Amino acid sequence: MKSNKAIGIFGPIIGTVVIIFVLSPLVVVTAISFTGASFISFPWEHGWSLRWFTQLAQQTDFLTASINSVTLAAGSALLSIAIGVPAAVAFARHTFPGKSALLLYGSSPLFVPLLLTGLALLIVLSSLGQGPTPVALLFGFAVVNLPFVLRIAIATLVDFNVDQENAANNLGASALQAFVRVTLPQIGPGIVSAFLLAFIIAFDSVPLAVFFVTPDYDLLPVKLFFYAQTNFDPLAAAVSVAMIGFSIVLILVIEVTFGLEKVFGGGRSSAM
Amino acid sequence: MPRTVTVSAPEPSNLATGGIFAIRRSRAPRLPRAGSTTSGRTLPYWLVLPMVVSIGLVFLYPLVQMTVSTLFVTGADGSARFTLAPFVDLLGSRRGWDLVARTLRVATVSTLATLVLALPITLWIREAKPRLRGVLIVIMLSPMLTSDVVRSLGWVSILGANGLIAGVLRFVGIEPPRILYTEAAIDIGLTQIFLGYMVLSLLSSALRISEDLVNAASDLGARRLQILGRLVLPLCRPGMIAGCAIVFPLAASTYVTASLLGGTSNPVLGTELYLSAITNLDWARASAVGIVLFILIAVVVAAINLLGRVATSEVQR
């Protein structure tokens, strides 16, 4: 759409300022991670160095927390997919009484602050005699990310032309064969993106996880949060950069396989 | 048993292309569509069952339980007594109102700031060529997939006493004012963190504005400001309303950002919830804080949606 009648040249000018605003925290914290000094400073003041990254590689506490975060996020994302995709099939392909109510129900975790959800879960668990456990957090994340998985899966399935399955049936395939050999390869990228989105959200999330960390079980963003509250040093910046790098990799995969914008529910030409 | 191959009758919408087959529709047997079987009526319910159960068990039940146990206290004799004590304690105190006021302030300021900042970039994206558009969208949305902690620490790096701004000011000989650990720092952080959501909402409205409309306005002699003010912005209103309804709850629930950028001297409801729950082990108070936050958000979002409906009916008039 080539024109400039609505905002014209002011678009790029103000827009660039906005982009700088949006990216600056990430850029600045990355710069700090390369400082050679032992306190918060910039590499151009005290020299460039990779010392904070080498130190990070030796911090077993941060490394363990990272592994915990990755496994927890992956497990909860898988669970989200397992719960959400069947529901999405129902919503995308069938009409039935109560459908819109159930759709609202499926989005309900979005309406409550994550902190409150986490607190409620903690209280219930302890009233049952259980403390906060990683398994409970896994279920917590799986449920809290369901609305995102649902939205992507429904959009993917709706886009998929079911007549292809009908054609496969007509040509002799069973329902299962049709699903596996025709439908799955085409909805694959969408499902993978749903998984990755659920993964990233769970990996990055603090307000839910913060109720579930114990001396024995730590999670990376929570650990970084508490660490930086008391002493924000270049090590915290290095951890931040590692997390940013990890996110960038996942973002690129999502963008290439599905499209970042569609993953958030927008489409360049789709109605939201 | 071999499956008989039959041409599947076309849907009514294919009447135009169905040709002779469309006429045969009433006589041709209907093949079951893939995915729907003779148990088709109950199948959808089985498919949504895991979702219903998991959300109910992990999300709804704990919230209900928490609310009930906050409102009803079991006395020593085992009887349940309705009480609003935690709420009275919270809202009756100076601190309580300070929390509510600050939460409202930061959420409102940051929501409005995201709106103001998202508009120019959205309109740029709308007018950009497809490839630039894609790049801009990725740039604007990518930060949303980084952690709040990381982004907030980024702002600490910029606004702190040893940060970028302070360094630059000292370099030119000005004593840097305190920005970190003020409410303004929270506003800035929240604005950057939630800008992406507002851009997404605005985009869905802005992209629907047909270029023909803009051209027509321009051909009729409207200047840019007029096109913006009387055509483009009113048409973006649904996106603005939706964006505010998304960003405000998120900003009001802030915990990490308020902690890192505001510190202990700028508590909000989110920080108070965690403080009560984990540091003070006062779950009744924490629950009360959480419920107050939820009600606050619900009221404001309802007001935003009401404003949206009023504004839309004005446009239609």
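For the structure, see preceding data.
Model, not experiment: these values are computed from the prediction. (Residues numbered from 1 in each chain as written. Chains lettered and ligands numbered in written order. Predicted model: local features only at pLDDT ≥ 70, side-chain atom pairs only at ≥ 80, totals over all residues. Heavy atoms only, no water.)

S.K.: Outline the packing of helix H4 (residues 60-93) of chain A against helix H3 (residues 43-71) of chain B, listing residues and values.
M.R.: H3 of chain B packs onto H4 of chain A with a crossing angle of 135° between their chain directions and a minimal axis gap of 8 Å. When the axis of H4 of chain A is compared with that of H3 of chain B, the two are oblique. Handedness of the crossing formed by H4 of chain A with H3 of chain B: left-handed. In contact with Ile83, Pro86, Ala87, Val89, Ala90 and Phe91 of chain A of H4 of chain A, H3 of chain B contributes Pro44, Leu47, Val48, Pro50, Met51 and Ser54 of chain B. (Axes fitted to C-alpha atoms, helices over the stretch in contact; angles between N-to-C directions. Helix = DSSP H or I, 4+ residues; strand = E, 2+ residues; numbered from the N terminus. Parallel < 35°, antiparallel > 145°, perpendicular 65-115°, else oblique. Left-handed = near helix turned anticlockwise from the far one by under 90°. Contact = heavy atoms within 4.5 Å.)

S.K.: Account for the nonpolar core, naming residues and giving values.
M.R.: Ranked by internal contacts, the top residues of the largest apolar core, which has 179 residues, are Phe91, Phe211 and Phe264 of chain A. Those residues in contact with Phe264 of chain A that lie beyond four places of it in its chain are Arg151 and Leu197 of chain A together with Leu141, Met144, Leu145 and Leu200 of chain B. (Core = buried A, V, L, I, M, F, W, Y, C linked by side-chain atoms within 4.5 Å. Buried < 20%, exposed > 50% of the residue type's maximum accessible area, 1.4 Å probe, protein only.)

S.K.: Can you explain the pattern of salt bridges? Please cite residues and give values.
M.R.: Enumeration over the complete set of coordinates arrives at 11 salt bridges over all chains. Residue Lys223 of chain A is joined to Asp218 of chain A by a salt bridge in which the shortest nitrogen-to-oxygen separation is 3.9 Å. Take Lys223 of chain A: its relative accessible area is 16%, and that puts it in the buried class. Measuring nitrogen to oxygen at the nearest pair gives 4.0 Å for the salt bridge that ties Glu127 of chain B to Arg126 of chain B. Take Glu127 of chain B: its relative accessible area is 9%, and that puts it in the buried class. Classification of Arg126 of chain B by relative accessible area gives buried; the value is 0%. Several salt bridges share partner residues, and in doing so they unite Asp98, Arg102, Arg105 and Glu183 of chain B into one network. (Salt bridge = Lys/Arg side-chain N within 4 Å of Asp/Glu carboxyl O.)

S.K.: Account for the packing of aromatic side chains, naming residues and giving values.
M.R.: If you walk through the whole model with that rule in mind, you get 18 aromatic pairs over all chains. Measuring from ring centre to ring centre gives 6.0 Å for Phe199 of chain A and Phe246 of chain A, while their planes differ by 70°; the resulting arrangement is edge-to-face. With Phe199 of chain A in helix H10 (residues 175-204) and Phe246 of chain A in helix H12 (residues 234-257), the pair connects residues that are 47 residues apart, well separated along the chain. Seen in terms of ring centroids, Phe194 of chain B and Tyr197 of chain B are 6.1 Å apart; in terms of plane orientation they differ by 45°. Their pairing is tilted. Remark: Tyr197 of chain B and Phe194 of chain B occur in helix H9 (residues 183-206); sequence separation between them is 3 residues, near one turn of the helix. You can call Phe194 of chain B buried: its relative accessible area is 8%. In this structure Tyr197 of chain B comes out as partly exposed when scored by relative accessible area, which is 26%. Linked through ring pairs, Phe211, Phe225 and Phe226 of chain A together with Tyr255 and Tyr274 of chain B together constitute an aromatic cluster. (Phe/Tyr/Trp six-rings, centres within 6.5 Å; stacked < 30°, edge-to-face > 60°.)

S.K.: Mind laying out helix H11 (residues 224-235) of chain B, listing which residues take part and the relevant values?
M.R.: Residues and elements named next belong to chain B. Between its first and last C-alpha atoms H11 spans 15 Å; for 12 residues at 1.5 Å apiece the expected length is 16 Å, and the two agree. Buried within H11 we find Ile227, Leu228, Leu231, Val232 and Pro234. Elements that come into contact with the buried residues of H11 comprise helix H5 (94-127), helix H10 (211-219) and helix H12 (237-252). (Expected span 1.5 Å × (residues − 1).)

S.K.: Give me the lowdown on the interface of chain A and chain B, citing residues and values where you can.
M.R.: Chain A puts 96 residues into the contact, and the matching count from chain B is 102 residues. At the boundary of chain A with chain B, total buried surface from both sides reaches about 8,900 Å², with 76% on carbon and sulfur atoms. At the surface where chain A touches chain B, the tally comes to 0 salt bridges. Here the side of chain A that touches chain B gets 17 residues from one element, more than from any other, and that element is helix H1 (residues 10-33) of chain A. When its residues are assigned to classes, the side of chain A that touches chain B shows 65 nonpolar, 22 polar and 9 charged. (Buried area = accessible area lost by both parts, 1.4 Å probe. Nonpolar A, V, L, I, M, F, W, Y, C, P; charged D, E, K, R; others polar.)

Any link to function would need more than the numbers given here.
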